[in-house]
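Residue-level structure breakdown
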Amino acid sequence: MSVFFITGIDAKIGKTFATGYLAKQLMEHGINVITQKLIETGCEDEISEDISAHRDLMKISLQPVDKQYISCPYVFKAAAPPYLAAELEHVTLYPNRISVATQQLKLQYEVVLLETSGGIMTPITDSLSTIDYMALQGHPIVLVTAATLESINHTLLALQAIAQRGLPLHAVIYNQFQEEDESFDEIATEEVLQDEKLYDKKYSYHRVKTELAEKTRSYLQHYLKQHHPDTFWVELPHIKFTDDATLYQKMNADKNNMPFYTMEKYAQEIADNTLYAESLYKRIAKK
């Protein structure tokens, strides 16, 4: 039985997509897996919206543990750090309640993927940050990053904070999705093709985005190879929702860089380790 923290360098970096998609892949590799949300803020529903998104990605309905608020014990309406969201609703936030919920999930599932709130330094209470909580629990950490303007800086700060605490860094998941410039979306393709300056501007915009994604990947892979050589580098496909289906657009990393894992292959590694450890435990118990 295993628990993995899925955390990120910032909010809206792709933790929810990474958590739900990894859970889906683990299910397909025969693992009895569930996801958990540390604390949900900015949520209008009674049940965590991120938990609902996990279930959609896993292609399953809400589970009894979701309706019993075990998979996410705290849900707040305010879009604020947990300690402030709790304060605004006059709720005392007890971290032990979250760890007890995790233990309850461990009794029912082989793997628990625990998505954090915000980045690793996000305050849970006025005296406990997310990384403090992760250090107390000691579960392996999966860090989600992406190709944003500040992602190299934020990723290195997160990696150094994890290393300084001596915490187990299991994987870095690279989210390839980038927000599109809405100003281009409003312009028809024909208009772009007929306007040379507009065409050059759009071409330059996409070229910079492509270069940013490739150079960020290369830089971070090189850093991991030097400082965290045993950590998995995992590529998250671009996930797109349509009216009929969920599409996963996989992209190939630069072959000259450090070897990377697809989410499918990474899930297989976890599954093999989980199933092997479980079968070994059962064999020893029988003796």
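Up top is the structure these notes are about.
A few points on the structure.

Cut-offs used in this document
- Residues numbered from 1 in each chain as written.
- Predicted model: local features only at pLDDT ≥ 70, side-chain atom pairs only at ≥ 80, totals over all residues.
- Heavy atoms only, no water.
- Helix = DSSP H or I, 4+ residues; strand = E, 2+ residues; numbered from the N terminus.
- Buried < 20%, exposed > 50% of the residue type's maximum accessible area, 1.4 Å probe, protein only.
- Contact = heavy atoms within 4.5 Å.
- Areas by Shrake-Rupley, 256 points an atom, 1.4 Å probe, with all protein chains shown as cover.
- Salt bridge = Lys/Arg side-chain N within 4 Å of Asp/Glu carboxyl O.
- Pairing = 2+ DSSP bridges.
- Right-handed = clockwise from strand over helix to strand, strands pointing away.
- Core = buried A, V, L, I, M, F, W, Y, C linked by side-chain atoms within 4.5 Å.
- Phe/Tyr/Trp six-rings, centres within 6.5 Å; stacked < 30°, edge-to-face > 60°.

Helix and strand counts for the protein stand at 11 helices and 11 strands. Within the protein, the fraction of its 287 residues that count as buried is 47%. Restricting to contacts in the protein with at least 6 residues of sequence separation, those with at least 24 account for 76%. Roughly 15300 Å² of accessible area belongs to the protein as shown, and the carbon and sulfur atoms make up 51% of that amount.

What follows deals with the pattern of salt bridges. Side-chain pairing between opposite charges can occur once the charged atoms of the two side chains come close. Within this structure, the stated rule accounts for six salt bridges. We note a salt bridge from Lys24 to Glu28, for which the minimum N-O separation is 2.7 Å. Note that Lys24 and Glu28 are positioned in helix α1 (residues 15–28) at a spacing of four residues, about one turn of the helix. Overall, Lys24 belongs to the buried group, its relative accessible area being 10%. Between Asp132 and Arg165 there is a salt bridge; the shortest N-O distance is 2.8 Å. Linking Asp132 in helix α6 (residues 130–137) with Arg165 in the loop between α7 (151–164) and β7 (169–175), this pair joins segments that are 33 residues apart in sequence. Judged by its relative accessible area of 39%, Arg165 is partly exposed. Residues participating in the shared-partner salt-bridge network are Lys37, Asp50 and Glu115.

On to the pairing of strand β6 (residues 141–146), then. A large share of β6 lies buried, amounting to six of its six residues. With burial as the criterion, each face of β6 is covered, one bearing Ile141, Leu143 and Thr145 and the other bearing Val142, Val144 and Ala146. As defined by bridge partners, strand β1 (residues 2–8) adjoins β6 across four bridges and the pair is classed as parallel. Each residue of the ladder has a partner; that of Phe5, found in β6, is Ile141. The pairing of β6 with β7 spans six bridges and is classified as parallel. Pairing of Leu143 across the sheet is with Val172, part of β7. Read as a crossover between parallel neighbours, the route from β6 over α7 to β7 is right-handed.

Leu22, Leu26, Leu113 and Tyr266 are the most contacted members of the largest nonpolar core, which has 71 residues in total. Dropping the residues within four chain positions of it, Tyr266 is found in contact with Leu22, Val142, His170, Ala171, Phe232, Val234 and Tyr261.

Under the criterion given, the structure shown has five aromatic pairs. Considering the side-chain rings of Tyr74 and Phe76, the 6.0 Å spacing of their centres and the 15 degrees angle between planes classify their relative orientation as stacked. Overall, the relative accessible area of 4% leaves Tyr74 in the buried class. By relative accessible area, which is 2% here, Phe76 ends up buried. Between the aromatic rings of Phe232 and Tyr261, the centroid separation amounts to 4.9 Å while the plane-to-plane angle is 85 degrees, which identifies the pairing as edge-to-face.

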